[in-house]
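Summary of structural features
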Amino acid sequence: MKKMISTFLSGALLLFPLSAVLAYDGGAVSDGGTITGSVKFKGTAPAPKKIEANKDTEVCGKTPKTDASLIVSGGNLVNAVVYISDIKKGKKMEPQKVTLDQKGCEYHPHVLAFPAGSTVEIQNPDGILHNIHSYSKVNSPFNIAQPKFKKSVPQKIDKPETINVKCDVHGWMNGWLFAAENPYYGVTDNSGNFKLTDVPPGNYTVEVWHETLGKTTQKVTVKAKEEAKVNFEMAKK
Ligand SMILES: [Cu+2]
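Below is a short write-up of the structure.

About the cut-offs
Residues numbered from 1 in each chain as written. Predicted model: local features only at pLDDT ≥ 70, side-chain atom pairs only at ≥ 80, totals over all residues. Heavy atoms only, no water. Helix = DSSP H or I, 4+ residues; strand = E, 2+ residues; numbered from the N terminus. Contact = heavy atoms within 4.5 Å. Pairing = 2+ DSSP bridges. Axes fitted to C-alpha atoms, helices over the stretch in contact; angles between N-to-C directions. Salt bridge = Lys/Arg side-chain N within 4 Å of Asp/Glu carboxyl O. Buried < 20%, exposed > 50% of the residue type's maximum accessible area, 1.4 Å probe, protein only. Disulfide = S-S within 2.5 Å. Donors = N, O, S within 2.8 Å, 3.2 Å for Na, K, Ca; no water. Tetrahedral: all angles 85-135°; square planar, octahedral: opposite > 155°, others 65-115°.

With that settled, the discussion passes to the environment of F142. Residue position: F142 is located in the loop between β12 (130-134) and β13 (143-146). It is 27 Å that separates the C-alpha atoms of F142 and I84, two residues lying 58 residues apart in sequence. Setting aside chain neighbours within four positions, we find F142 in contact with I122, I132, H133, S134, S136, Q155, I157, V165 and L177.

So, on to the sheet that holds strand β15 (residues 161-167). Strand order in the open sheet formed by 5 strands is β10-β16-β15-β12-β13, and the pairing between neighbours is mixed. Edge positions in the sheet fall to β10 (111-115) and β13, since each of these pairs with one other strand and no more. Going across the sheet, the axis of each strand differs from the next one's by a mean of 20°, ignoring polarity.

So, about the pattern of salt bridges. For the structure shown, the criterion picks out 6 salt bridges. In this structure, K89 and D25 form a salt bridge, with 3.4 Å as the shortest nitrogen-oxygen distance. Remark: D25 occurs in strand β1 (residues 25-27) and K89 occurs in strand β8 (residues 89-91); sequence separation between them is 64 residues. Classification of K89 as exposed rests on a relative accessible area of 56%. We note a salt bridge from K215 to E207, for which the minimum N-O separation is 3.7 Å.

Turning our eyes to something else, we now look at the state of the cysteines. One covalent bond between the sulfur atoms of two cysteine residues makes up a disulfide. As enumerated under the stated definition, the model contains 1 disulfide in all. Linked covalently through their sulfurs, C60 and C105 form a disulfide whose S-S length is 2.0 Å. Taking the torsion about the S-S bond as the criterion, the C60 to C105 disulfide, at about -65°, is left-handed. Note that C60 is positioned in helix α2 (residues 57-60) and C105 in the loop between β9 (97-101) and β10, a separation of 45 residues in sequence. For the pair C60 and C105, a shared accessibility class is recorded, and that class is buried.

Expected angles at a metal are 109.5 degrees for tetrahedral coordination by four donors and either 90 or 180 degrees for octahedral coordination by six donors. Surrounding the copper ion are the protein donor atoms H130 (ND1), C167 (SG), H170 (ND1) and M173 (SD), at 2.0 to 2.7 Å. One can describe the site at the copper ion as tetrahedral: its 4 donor atoms subtend angles covering 98 to 135° at the metal. Each donor residue of the copper ion belongs to the same chain, with the gaps between them written as H-x36-C-x2-H-x2-M. Residue classification places C167 among the buried residues on the basis of a relative accessible area of 4%. According to the relative accessible area criterion, H170 is buried, its value standing at 0%.

We now examine the side chain of T34. Residue position: T34 is located in strand β2 (residues 33-41). Not counting the four nearest positions on each side in its chain, T34 is found in contact with K195, L196, T197, V222, E226, E227 and A228.

Take the sheet that holds strand β7 (residues 81-84) next. Pairing is antiparallel across the open sheet formed by 4 strands, whose spatial order is β17-β7-β19-β20. For this open sheet the edge positions go to β17 (185-187) and β20 (214-222), each flanked by a neighbour on one side alone. Taking each pair of neighbouring strands and ignoring which way they run, the sheet shows an average axis angle of 20°. Here β7 pairs with β17 via 3 bridges, running antiparallel. Along β17, the bridge assignment pairs V81 with V187.

Considering the arrangement of structural elements, one finds G27 in strand β1. For the pair formed by G27 and G214, sequence separation is 187 residues and the distance between their alpha carbons is 31 Å. Those residues within four positions of G27 in sequence are excluded, and the remaining contacts are G90, K91 and K92.

Below is the structure:
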């Protein structure tokens, strides 16, 4: 009896962390469909505010800067992250090496999306001091002084989270890291379009996150080897 209990316990201990940790199960998908669509801005897009780079002007002032917190291009919403929020099983997810560049005292890209577990190479080609500071809650926050001679600093982001990053030296520098829970995500460009491929047939929730406009969701049904269309429109609240 004692042995049975201990076997049960060790089995339960083995199983519990697996089910708790493996929120997403990746593998081969042979009959996947595609989700495509666009994200539009509803209303008249405000003119982007000019940013005055009033520090290290010889480097930071070289290029004109505008506030990137709401960019609309021909009615299309730029820098919105589109993802499936409730998929548990699908194509393989591999950690990546991605780059966040601080060139010209701005974060490029402004919104960087990657699978959780990836390493972000934070680059400083400016030849001045930057100090990247993350406002993370799920992952441990980081605060890295990057003097001019430190061209690149790797930072691993382990858990899914949307993280705001700022520079403690240059107050206008503002960016976002989107550490995805699954491989079905994309960031809209000037076209406002997105495409999520190799999605196993099923019913899903597609979510859009934008730093200024918040979140919106829609349900979508994906059929084998077919394309499902879903279009979003977001407005200022
Ligand atoms: Cu900086």
